[in-house]
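Residue-level structure breakdown
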Amino acid sequence: MKGKVAVVGAGPAGAFVAGALAERGFAVHLFDRREKPWEERGEGRTVALSLSPRGLTALESIGLRPAISERSIELLGRAFHAPEGDVRLLAAPPGAVRNRAISRSVLTRTLCDWALGQPEVTARFGTACLEVLRSQRAIALKNRSGAVSAEPFDFVLGADGSASEVRAAIVRAPTVDFGKRSSPWGYLELTVEPGASAFAYEPHAIHIWPRGSFFMVGFPAFDGSYKCTLVMRHDAHEELHATGMLGDLLASTLEDAWPRARDREAVLRARLAPIPIVRVGDWHDGDFMAILGDAAHATPPFMGQGVNIALEDAQALVRAFDEHDLAVRPAFRAFAAERVPNGLACCDLSERAAQLLLRMPPKRPAPSPLAALNQEGMSYEAVARQFIPGWQPRVYAEATPVSEEFAEVVPQELLEPFEAEAGELLVREGETAQDLLYLLAGTVRIFSATLGEVRLRAPVILGEVGWFGGASRTASAVAETSCRGGRLSYARLDAFCAAEPSRAIGLVKHLASLSVERLKDHFHPRASYVVIAAYADLHDALEGWMLSCREHLAALPIACTAEVGEILLRVANIQPARVIPPVARGGYAHLRALKTPAQALCWFRVEALPPELRQVADARKTPVLRDLEGARAYFSDLHRADGEAGEA
Ligand SMILES: Cc1cc2nc3c(=O)[nH]c(=O)nc-3n(C[C@H](O)[C@H](O)[C@H](O)COP(=O)(O)OP(=O)(O)OC[C@H]3O[C@@H](n4cnc5c(N)ncnc54)[C@H](O)[C@@H]3O)c2cc1C
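Residues numbered from 1 in each chain as written. Predicted model: local features only at pLDDT ≥ 70, side-chain atom pairs only at ≥ 80, totals over all residues.

1. Here's the deal with the overall build of the protein chain
On a plain count of helices and strands, the protein chain comes out with 23 helices and 31 strands. Here the protein chain holds 648 residues, and the buried ones make up 43% of them. Here the contacts in the protein chain between residues at least 6 apart in sequence split such that 72% fall between residues at least 24 apart. (Helix = DSSP H or I, 4+ residues; strand = E, 2+ residues; numbered from the N terminus. Buried ≥ 20, exposed ≤ 12 C-beta atoms within 10 Å, placed from the backbone. Contact = placed C-beta atoms within 7 Å.)

2. What to know about the sheet that holds strand E18 (residues 289–291)
Strand order in the open sheet made by the 5 strands is E8-E2-E1-E12-E18, with parallel pairing throughout. Of all strands in the sheet, those bounded by a partner on one side alone are strand E8 (121–125) and E18. On average, each strand axis in the sheet is tilted by 20° relative to the strand beside it, whichever way the strands run. The sheet contact formed by strand E12 (residues 155–158) and E18 spans 3 bridges and is parallel. Within E18, the position partnered with Leu157 by the bridge is Ala290. Packing of helix H1 (residues 12–23) onto the sheet brings it into contact with strand E1 (4–8), strand E2 (27–32), E8 and E12, and relative to E2 it is tilted by some 165°. (Pairing = 2+ DSSP bridges. Axes fitted to C-alpha atoms, helices over the stretch in contact; angles between N-to-C directions.)

3. Quick look at helix H4 (residues 104–116)
Between its first and last C-alpha atoms H4 spans 18 Å; for 13 residues at 1.5 Å apiece the expected length is 18 Å, and the two agree. At its buried positions, H4 is contacted by H1, E2, strand E3 (48–51), helix H3 (65–70), strand E7 (100–103) and E8. (Expected span 1.5 Å × (residues − 1).)

4. Things to note about the site of the ligand
Every one of the 35 residues lining the ligand counts as a neighbour, but Gly9, Gly11, Gly161, Gly293 and Gly306 are closest to it. Secondary structure elements with two or more residues in the shell around the ligand: H1, E2, E3, strand E9 (128–133), helix H10 (306–323) and helix H23 (628–647). The dominant element in the shell around the ligand, judged by the number of residues it contributes, is H10, at 4 residues. The residue inventory of the shell around the ligand, partitioned by class, reads 15 nonpolar, 12 polar and 8 charged. (Near = placed C-beta within 6 Å. Nonpolar A, V, L, I, M, F, W, Y, C, P; charged D, E, K, R; others polar.)

5. A look at helix H2 (residues 53–61)
Three- or four-residue spacings in an α-helix give side chains the same orientation, since the helix completes a turn every 3.6 residues. For H2, the complete set of buried residues consists of Pro53, Arg54, Gly55, Leu56, Ala58 and Leu59. Against the buried residues of H2 lie E3, H3, E7, H10 and helix H12 (369–374). Gly63 sits one or two positions beyond H2 and adopts a positive phi of about 80°.

6. Comments concerning the pairing of E1
In terms of residue burial, E1 counts as a mostly covered element, since 4 of its 5 residues are buried. Running through H1, the crossover from E1 to the neighbouring parallel element E2 is right-handed. In terms of strand pairing, E1 meets E12 through 4 bridges, oriented parallel. Considered in E12, the bridge of Val8 is made with Gly158. (Right-handed = clockwise from strand over helix to strand, strands pointing away.)

7. Some thoughts on the sheet that holds strand E15 (residues 214–220)
Judged by pairing direction, the sheet is mixed, and its 7 strands sit side by side in the order E6-E5-E14-E15-E16-E13-E17 without closing on themselves. Edge strands, defined here as strands with exactly one partner in the open sheet, are strand E6 (87–91) and strand E17 (273–280). Averaged over all neighbouring strand pairs, the angle between strand axes comes to 25°, with direction disregarded. The strands that helix H6 (residues 234–243) touches are strand E13 (178–192) and strand E16 (226–233); relative to E16, the one it contacts most, it runs at about 100°. Of the strands in this sheet, E13, strand E14 (205–210), E15 and E17 are in contact with helix H11 (residues 328–358), which crosses E17 at around 145°.

8. Topic: the pairing of E16
Within E16, 6 of the 8 residues are buried, which leaves the element mostly enclosed by the surrounding structure. Where E13 and E16 come together, 8 bridges link them in antiparallel fashion. Across the sheet, the residue bridging to Gly186 is Met232, located in E16. Sheet topology note: the E15/E16 ladder contains 7 bridges and is antiparallel. Paired with Val217 across the bridge in E16 is Thr229. Between E15 and E16, which pair antiparallel one after the other, the connecting turn spans 5 residues, and Gly224 there sits at a positive phi close to 90°.

Scope: geometric values only; no functional claims are made or implied.
Dropping the structure here:
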């Protein structure tokens, strides 16, 4: 026997690697916290997925392609439903391998049955991994009766989805870049009944309803129904929900689908499910843990890549073992070197794809990232380099990315080149705004009294708010590294708009949508802060605490003093979302003035909570956490609940 392996998570990625490593002689224990990992949460729920040629090729490598073909529906292409009722079918080119629609449950069941058919696989379902105990080369487990134990393994693979516990252990090392956040988009699921004839729409297509501010995607199922996902911004949905207007909107904009939606009342009552986005700079710790699938790169589902890249990861990990005589350390290293840039690229490409699903596609289709991925089989990394100007595989992308549209719409001849050394002030808050900055290389730090402090990396645009608002600069920008780019004066921009309105419109639209995007990011209702305050004598203990819950903290917007922020950045490499003055200098009055509700107050050893803050916390039912251990437990529960919501 080659070694005892724990695979945490029996979703598509976990079941695949478990079976394939067992075939190679490893004794594999396949854990899942659910009794039946293939069963969807929620009665009658069936999430449909599109398997692309990438996922199908991975399945072929373990001999499952025929079984999957029998259980899935071939898709000719994508059918776009215009608001006026026309349907435009974009078919895959002749001869191309076609995508297939499959229920997530059927896919996972097929993979689990195959994996459990290997004599070397032991199913440990109903058992959750609580934590990886790296120093003991063991994992802490909780079984179905609640008993907790620690069990040693030779190595551990984390395929435990977007709230991965294995990843939490890997990113405890502050050298591993890590970012997790919730997309401003969320989704609802609904089933559209077949209608009078068996199939109301083209049965061999993914159906898309682009509606400007939201979209719906539907997959055909064998019973003739369509499993649909409605994607909307959280803030828009909350408003529609609160005003009771969601039903009217859906009835008037989805005329060919909404009347046949099952349980419409339940759909209208439901909350949008969150879409977590996870980016990790390294996927292993040397020779004990590695992660793959959603655990390594949870992406929004806007390009239908999640399960395909997860299966491809699994295939790549197995290939790395084969190429290195089943030796763990070189296999992990080769696997991560190949897949990390692809995971980051998949996140970046998928996030941008939401914009493409809001509008009807152009009549003459242009080269697209989706075709390059699905039909040409290019790697995610190569596609990102081709379609996103200046793309680099990096975890931190705090700024709303500049889309390729800006490079296309900005008249290069109007840009005045500039260069700046690290430390140089590029923009001063309060000054009269005179120009836009198009940063092509380098990193800048933005400081603002109201928005806190953020780091932006090129390519990025600064100064668009000044042009629209005619106001003074809302923030200062300091070059953190040497920087290079172009300045576009507002005077030139105005002249360009007057002289060539038809060319300028693209640029103006782009700047407008960028401003909206940024304002929404800042004032997103879910962006409530976790406030951390601690007396200086606790700062040493804070370091250990920050490391132990780094994964959980990194997923949350944190507001803290500069001192605590410095520790957070140094120890855990987490950027606070907002820096506030110390309590003694009115820090919390400052927070209150922002009117942003706190998600939790970590009030470590700071004496009494000021009465006015206590009143606000009580009124908003904000948890006040007074000790480090209690806070760690609170964040860990939050993290688990988040994971369950992601799967639900
Ligand atoms: C609405 C929606 C639509 C989508 N559409 C598509 C699509 O069209 N095409 C596509 O390719 N992808 C799509 N996806 C994404 C796809 O579902 C995921 O990317 C894919 O399931 C990831 O597989 P995985 O094996 O990495 O993780 P998961 O499928 O998330 O499996 C993780 C498993 O780990 C288990 N687990 C978690 N924590 C623990 C723990 N601590 N201990 C033990 N077990 C644990 C869970 O119970 C689960 O079974 C969609 C996702 C959503 C939400």
